[in-house]
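# Working through the structure, step by step
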Amino acid sequence: MPHHPSDPGETIEAEVLEIDGQTPPPPAPDHHSGSSLRPADFNPFHDPDDRTHDPSGRPAWQSWQGNIRGISPIWWPLLLIAGAVLLFLLLTIGLVVGALFLIIRTIARLIRALVS
């Protein structure tokens, strides 16, 4: 009876010689054997994908202009909902401030009318 590919009964081992024309990085050292819990050059703030400059030499923030279409389509519904909520909050705050302005102005006119 042939084995199914998902059957863990048979282990296949392979040595990686090349990935995309480059040799693979050496295996990471075993961290459990050393006395330190992390390597000496550990930097928790290092971002391996940090791209401060694009290929044209401009800072990354300057190259963002016009790249709004580059946002993944998965995020568009969230962005639209967040924009609608923000617009609703701004309009609500504007209406409250306008109502307070009218109330204060009306009270000021009443006081002026009573005093004069």
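I will try to describe carefully the structure that is included in this document.

The rules behind these values
Residues numbered from 1 in each chain as written. Predicted model: local features only at pLDDT ≥ 70, side-chain atom pairs only at ≥ 80, totals over all residues. Heavy atoms only, no water. Helix = DSSP H or I, 4+ residues; strand = E, 2+ residues; numbered from the N terminus. Buried < 20%, exposed > 50% of the residue type's maximum accessible area, 1.4 Å probe, protein only. Areas by Shrake-Rupley, 256 points an atom, 1.4 Å probe, with all protein chains shown as cover. Patch = residues over 30% accessible without salt bridge, like charges linked within 9 Å, V, L, I, M, F, W, Y side chains within 5 Å. Salt bridge = Lys/Arg side-chain N within 4 Å of Asp/Glu carboxyl O.

### Comments concerning the overall build of the chain
Helix and strand content of the chain: 1 helix and 0 strands. Classification of the 116 residues of the chain by burial places 3% in the buried group. Approximately 11,800 Å² of the chain is accessible, and the part contributed by carbon and sulfur atoms is 66%.

### Comments concerning a nonpolar patch on the surface
On the surface, a nonpolar cluster with roughly 690 Å² of combined accessible area is contributed by Val 96, Leu 100, Ile 103, Ile 104, Ile 107, Ile 111 and Val 115. Here Ile 104 is to be found in helix α1 (residues 76-115). Judged by its relative accessible area of 58%, Ile 104 is exposed.

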